[in-house]
Amino acid sequence: MTTRRHILYVRGLSVRALPGHRAAGSAGDHDGILDVLRDITPVVQALPPDAALADVGGALRYFGLDAERLARLFRVRCLALHGIDCAVGVAPNPLLARLAAGPADAGPGVTAVPDDPAAITAFLADRPPAALHGIGPATARALTAYGLDTAARVAAAPPATLQRILGARTARRVRDLVRGIDPTPVVPGAPARSAAAEHRFGHDELDPGVRRRALLTLADDLGHRLRGTGQCARALTLTVRYADRSVTTRHRTLREPTAHTPVLVTAAYALHDALGLQRARVRSLALRAEDLADAADAARQLSLDPSDDRRRRAEAAVDLARARFGPDAAGPAAHLRAA
């Protein structure tokens, strides 16, 4: 007998600050979300910088509420205790819960997906493969090239066809995802498998110079966070959201696992420049460091360049200054917050 799961995916929006609470977007917002979740259930997995997964199946009887009403209680507590509003997706598994919470620019609220095969099929039907967590950009492009541009079309494709396009292992995984099957557990204390940072412009940005400064800021923030957790990234993904709400995503595997800011910045610039955006109206940029590994176990190519050693020593000094005096204590001169 399969145990029914009740998963919450929470994304903190911090759209406003209540009197006496922190300003929206401060570093403590994510900790506030986790604190409230852990008061409800111990099965909480942090997803920095602003999200979390929680399995509330064991808490329903204690609170006397169903999962959707418990999610609404959680949202009210976040607002009352920390001044943080949230988008919350409620579903039988992490994949569906993430989708229910909506895209990164969606507003706050609670959305539930019923634990019913017909409802799940209807919920997923028109979604592009790239929207499903676990289907990467390259896999999504391969599917789209064959006309399989929605979850419903991928689910209807013969298994043999998917195997020829993607290979047997990836095809099995994708087939499960487009049918709403995701056995991924919620693991308390699990190390993050990716880290993301996003910058939303105050207006649709046309200037490529400002966009590059935003990428520098994002890569610098990611590098600092990865070094703080003793991790490094094997790949980097850039997501560009435009004024018409369309999205472009590009992915690059790094030559070696790294958390070194200049390497991340160079990769981010290369991904951006390859798009040839010119006068595109860009609403937001997001960088995601993926396939994270323990920095202590990662091999690094030795460099005979003394300037590289100086940059790494300066980077370590900046990390120490930020740890002691806050995130704005030191950083690149072109950091966007310096403007």
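Residues numbered from 1 in each chain as written. Predicted model: local features only at pLDDT ≥ 70, side-chain atom pairs only at ≥ 80, totals over all residues. Heavy atoms only, no water.

Engineer: I'd like a rundown of the side chain of aspartate 182, residues and numbers included.
Structural biologist: Summarising the element assignment, aspartate 182 is placed in the loop between helix H9 (168-178) and strand S6 (194-205). For aspartate 182, a relative accessible area of 9% corresponds to the buried category. At 3.0 Å, the side chain of aspartate 182 forms a polar contact with the backbone nitrogen of leucine 95. There is a polar contact of 2.6 Å between the side chain of aspartate 182 and the side chain of threonine 184. (Helix = DSSP H or I, 4+ residues; strand = E, 2+ residues; numbered from the N terminus. Buried < 20%, exposed > 50% of the residue type's maximum accessible area, 1.4 Å probe, protein only. Polar contact = N/O pair within 3.5 Å; in protein donor to acceptor, adjacent residues only side chain to side chain.)

Engineer: Describe the packing of aromatic side chains, naming the residues involved and giving the relevant values.
Structural biologist: Taken as a whole, this structure holds one aromatic pair when the rule is applied. Centroid distance tyrosine 62 to phenylalanine 63: 5.1 Å. Interplanar angle 80°. Geometry classified as edge-to-face. Across the ring face of phenylalanine 123, the terminal group of arginine 127 is positioned such that the distance to the ring centre comes to 4.2 Å. Here the guanidinium or amino end of arginine 212 rests over the ring plane of tyrosine 269, the centre of that ring lying 3.9 Å away. (Phe/Tyr/Trp six-rings, centres within 6.5 Å; stacked < 30°, edge-to-face > 60°. Lys NZ or Arg CZ within 6 Å of the ring centre and 35° of its normal.)

Engineer: Account for the environment of aspartate 204, with residues named and values stated.
Structural biologist: Here aspartate 204 lies in strand S6. Through-space distance from the C-alpha of aspartate 204 to that of alanine 243 is 6.2 Å; in sequence the pair is 39 residues apart. If we ignore the near neighbours within four places in the chain, the residues touching aspartate 204 are Ala243, Arg281, Val282 and Arg283. Within the structure, the side chain of aspartate 204 is placed 3.2 Å from the side chain of arginine 283, a separation counted as a polar contact. (Contact = heavy atoms within 4.5 Å.)

Engineer: Tell me about the environment of valine 10, and name the residues and values.
Structural biologist: Within the fold, valine 10 resides in strand S1 (residues 7-12). By relative accessible area, which is 0% here, valine 10 ends up buried. Valine 10 sits 40 residues away from aspartate 50 along the chain, and the two C-alpha atoms are 8.3 Å apart. Among all residues touching valine 10, those that are not within four sequence positions of it are Ile33, Leu37, Asp50, Ala51, Ala52, Phe74, Cys86, Ala87 and Val88.

The quantities given are spatial measurements derived from coordinates; they are silent on function.
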